[in-house]
Amino acid sequence: MIPALQRVARSLGVLLVVLALTYAIFYMAPIDPALRMCGKPCSPTDLEAARGFMGFDRPWWAQLGSFLAAIVVGRTYGSGDVLVHCAAPCLGYSFQYHQDVTTLIGQRFPVTLSVAIGAVALQSVLGIAAGALAARRQGGIIDRVVAGISVIAASAPAFVVGLLAVVVVALRLDLLPSGGYESFVDGPGQWARHLILPWATLAFLNGAVYARLVRSSMIEQLGLDYARTARAAGLSERRIDRYALRNLALPLTTLVALDIGALLGGTVITERIFGLPGLGALLLDATSTADLPVIVGTTFLGSLLIVLANLAADLARPLLDRRLAVGGRRPATPTTQETSS
Amino acid sequence: MTSPRLPRRGLLAAGPVVLGLGALAACTDGGSSSGSSDAGGSTGGALTIFTSSEELSFDPATSQNLAITTLGLLARRLTAWKTSADAPTELIPDLATDTGTPSDDGRTWTFTLQDGLLFEDGTPITAATVKYGLERSFAKELTGGLTYHKVLLEGGEDYEGPFSGKHLDSIEAKDETTLVFHLNRPYGDFGWIASTPAFAPVPEDSGEPESYATKPVASGPYRLESYTAGSSATFARNEKWDASTDQARTGGPDTIEYSLAQDPSVVAQTLIADRSDAQDAFLASFVPTAQLVQAQNDPKVGDRLVTSGPGALEYLALNTQSEALKDVKVRTAIQYAVDKEAYRTAKGGEISGDYATTLITPGIAGREEYSLYGDAPAGDVEKAKSLLAEAGVKDLSLRLVITEEDTAAAESIQQGLARVGITVQIQPLDENAWTSEVPAGDGTGYDLVLSSWQPDVPSPNANLTPLFDSSQIGDGNYNLARYANPEVDKAMLDASSTVDADEAAAKWAAVDKQILQDSPVVPLIYSKNSFLHGSGVKDFVIGEFPAYPNYLTVTLG
């Protein structure tokens, strides 16, 4: 229990550091969000008033303090007769969208969640299957094909792969919509039809990592003593594969958890190409329009999700490997392929 | 954001983020120039407008929309624009019966509203609702719109909006239909100013100030039926709109659907293919370079690719307060040293725009063709060298600040100036950093800047004052040359105060020359914009000004 609490505390610390860094970076960067709100032409008085109203006239640490307090107690912008309220949990207020950031994120999250769930499912299934097959037929045609595809997927820019998918599958073959999003509630069929291309694009790009990890780990596992013993004892190759894969559960869990966390934070390029109104598209727009509250809010959420996913993977490890439940230490073997803890 | 970015003022005109506008097509086999249009579409159908914008704001107080784009479909103003492909843009009445009547001294302007105008909810559009709409634009939480009226209305500098129960006395709603504006100085172009978004009527009981941006009360042919930021906006017919009272809008399609956050490359591909789901659609963003080339060479596209005439002025600003450029002879030498031909080639060649030698944008009254610094687009190297010698300048080194997408154009400037021995260091910045360093900076960070300008209204005042008046230096304003000449300030004040249109035009033409004699900027090209639409779209017309299609008159065939 104590190690679990320590991990939670450590995660909170990470979140605070990320937030402080985000604030510090944007405070130091030559960006003045008030310029967008000043109007044209912009008088010095109007500019000062806009800064004051938005709360950007204070030092970054004071702004950070207000941000943290607002999550718990909410916040009010302006003074006198002119007030804009942002109810708790308030992650800031976007003066460009005329909405609080929490609501904006709430509207966008279902889209990103839909993208993330499908993409992670597809990429892990395809990646693990391809990796395992390649390991089993090491040096064979399947292995070479998987290696080749992995290299292409790992080096191809997301923008090119996405655009190619749209042009070929949607525009030339007319098999699927070229973009847009339909809510799951309005019809799961249309929901899935609109998401197949983004899922496939992400699975292609990220699945390569799974395939390479599983391939190399499997080859290592299959060469270990227990596999040789099992083979000598007459166990089928399929059974031995299962043992080997089970030993990969730990690193794969970590990888899947991190991917879920990262994808939930928004997939900027994929969302833009496929016209998906998710968190990535929101962040991209906020970056180009210097909408600092949205940048900070989405960055905070993205970090929170990655930290939570990591925490979940950490806490799940003892369930996957009972040796960890006792002493809380790493096993010496066979999970040497872990990428992160 | 010029090619490949939007002109500075056009930034919010059609929608913010535009990816790679690029080399803009002219009238070639693969496109049509300025006009579409397959004679007259009819009423009905569902028009789709694709845009890369993530969000749309429907609050006139915070809007910088041009009079002929999105907000104009929902909100009428006192005056409007009549655009056509082969004539200068005209000011026409909108809610008002005429384009405004000035007093003899030009300080008082009177407008009379047409009778029987209604909001979408059936309540009457009165002088008081126009006054309220304008007063809202002074409130601190509703900033970000066009503010030309704020500095003109008497008492405007101390007014903070109507939400505390105070009103601005210089806007007088005499009765239900009569509005009188009292200005703090004579102003000839107030009729044009009355076409900016803040002159749209807003009912006093329209709810919380900040919620109006997503729940506007329509006065135009459409009302906002639904809106989801990042996804879509649907406009449905406003049954209370009376076409016979509106000279600016045709109200063609039954519904208009905005598809937001779209990638322009993907949409352009869809439109080029003329897919069934995109035939009744157009792309609000400029066509990206790659798709532009594709569209020009695709016989299926034909006149669905529409290119504007010469529009926004692209220019090289010379920081007149920089030590190296204080001498007008040095600045004049740069006029001759710049290679406009190389610049235009870097922007995509002949199709990207026409050479510019003056300041006032084509399609605006007061524009006169002249060339103070020779007619050769490639420049005059010998002349430049002799001017530098006269100024006693050697080994001049200048810093040119640009946004990242202007690298090729900047290199053409660099090579041009290298011919006369001027070294140019190029510093590319991201758009936000550029804004902070250049319009909002203190002027110490640059000697040269590449920029472009499209006026908010087709008047020379909106063309020249923001770029050359000394009050427009810094704080996010666009006098990027940091040019301060009291005589020019005075001349611009005088021209803008002139009520007689012809007299004002002559004065502005003189100011144009007066400014260029001091050489604060090098005019490079008047850029052209290209747009794509589906085969079902008719009346897709780009007027002489601005270089954007007129959304208010588009119909479906």
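Here the structure is a predicted model, which means the values were calculated and not measured. (Residues numbered from 1 in each chain as written. Chains lettered and ligands numbered in written order. Predicted model: local features only at pLDDT ≥ 70, side-chain atom pairs only at ≥ 80, totals over all residues.)

Novice: What should I look at first to understand the overall build of chain A in this one?
Specialist: Along the backbone of chain A there are 14 helices and four strands. When the 341 residues of chain A are sorted by exposure, 44% land in the buried category. The long-range share in chain A, meaning contacts at least 24 apart out of those at least 6 apart in sequence, stands at 66%. (Helix = DSSP H or I, 4+ residues; strand = E, 2+ residues; numbered from the N terminus. Buried ≥ 20, exposed ≤ 12 C-beta atoms within 10 Å, placed from the backbone. Contact = placed C-beta atoms within 7 Å.)

Novice: In this structure, what is going on with the overall build of chain B? I would like to understand it.
Specialist: Per the secondary structure count, chain B includes 13 helices and 22 strands. Here the C-alpha atoms of chain B give a radius of gyration of 23 Å, agreeing with the 24 Å that 2.2 N^0.38 yields for 557 residues. Summarising its shape, the C-alpha atoms of chain B cover approximately 70 × 55 × 40 Å along the three principal directions. Considering chain B as a whole, with its 557 residues, one finds that 62% of them fall into the buried category. Sequence-distant contacts, at least 24 apart, represent 75% of the contacts inside chain B between residues at least 6 apart. (Rg over C-alpha atoms; globule rule 2.2 N^0.38 Å.)

Novice: Before we go on, may I ask you to explain the interface of chain B and chain A in this structure?
Specialist: How large an interface is tends to be reported as the accessible area lost when its parts come together. Between chain B and chain A, the residue contacts involve 43 residues of the former and 42 residues of the latter. At the level of elements, α4 (264-273) and α10 (431-437) of chain B are the ones that each hand at least two residues to the side of chain B that touches chain A. It is α10(B) that contributes the most residues to the side of chain B that touches chain A, six residues altogether. For the side of chain B that touches chain A, the class distribution of residues is 13 nonpolar, 20 polar and ten charged. (Nonpolar A, V, L, I, M, F, W, Y, C, P; charged D, E, K, R; others polar.)

Novice: Can you help me understand unusual backbone geometry in this one?
Specialist: The phi angle of most residues is negative, glycine excepted, and most peptide bonds adopt the trans form. With an omega of -5 degrees, the peptide bond between A:A88 and A:P89 qualifies as cis. Within the element layout of this structure, A:P89 appears in the loop between β2 (82-86) and β3 (93-94). Looking along the chain, the bond that leaves B:F545 and enters B:P546 is cis, with omega of -10 degrees. Residue position: B:P546 is located in the loop between β21 (537-538) and β22 (555-556). In this structure, B:S519 is a non-glycine residue whose phi angle is positive, near 55 degrees. By the element assignment, B:S519 lies in the loop between α13 (501-518) and β19 (521-527).

Novice: Just checking my understanding: could you explain the environment of B:S285 for this structure?
Specialist: All names here are of chain B. Tracing the backbone through its elements, the reader meets S285 in the loop between β12 (281-283) and α5 (289-297). Residue S285 is classed as buried on the basis of its C-beta count, with 27 C-beta atoms lying within 10 Å. On a C-alpha basis, the gap between S285 and N65 in space is 14 Å, while along the polypeptide they are 220 residues apart.

Novice: What am I meant to see in the sheet that holds strand β16 (residues 397-403) of chain B here?
Specialist: Hydrogen bonding along the main chain pairs the strands of a sheet, whether they run parallel or antiparallel. Residue and element names in this part refer to chain B. With mixed pairing, the six strands of this open sheet are ordered in space as β15-β19-β14-β18-β16-β17. Each edge of the open sheet is held by one strand with a lone partner, namely β15 (353-355) and β17 (423-429). Averaged over all pairs of adjacent strands, the angle between strand axes in this sheet comes to 30 degrees, irrespective of strand direction. Summarising the sheet, β16 and strand β18 (residues 448-453) pair through two bridges and their orientation is parallel. Note on β18: the bridge partner recorded for V401 is V449. Packed on one face of the sheet, helix α9 (residues 407-418) meets β14 (313-318), β16, β17 and β18 and runs near 170 degrees to β17. (Pairing = 2+ DSSP bridges. Axes fitted to C-alpha atoms, helices over the stretch in contact; angles between N-to-C directions.)

Novice: Any chance you could explain the sheet that holds strand β9 (residues 222-228) of chain B here in plain terms?
Specialist: All names here are of chain B. The five strands lie next to each other as β9-β10-β11-β2-β12, forming an open sheet whose pairing is mixed. The strands lining the two open edges of the sheet, one partner per strand, are β9 and β12. Averaged over all adjacent pairs, the angle separating strand axes in this sheet is 15 degrees, with direction ignored. Of the pairings in the sheet, the one linking strand β2 (residues 46-50) to strand β11 (residues 255-259) comprises five bridges and is parallel in character. Bridge assignment links T48 to a residue of β11, and that residue is E257.

Novice: Teacher, can you tell me more about the environment of B:R76 here?
Specialist: Residue and element names in this part refer to chain B. For R76, the position within the fold is in the loop between α1 (70-74) and β3 (79-84). Residue R76 is classed as buried on the basis of its 30 C-beta neighbours within 10 Å. The sequence separation of R76 and S52 amounts to 24 residues, and the corresponding C-alpha distance is 25 Å. Apart from residues lying up to four places away in sequence, R76 is in contact with D94, L95, A200, S219 and G220.

Novice: How do you make sense of the pairing of strand β10 (residues 232-237) of chain B when you look at a structure like this?
Specialist: Looking along a regular strand, one sees side chains alternate from face to face of the sheet. Residues and elements named next belong to chain B. Where β9 meets β10, six bridges bridge the pair, whose relative direction is antiparallel. Residue Y227 lies in a different strand from β10, and its bridge partner there is A233. Connecting β9 to the next strand, β10, in antiparallel fashion are three residues, including G230 with a positive phi near 85 degrees.

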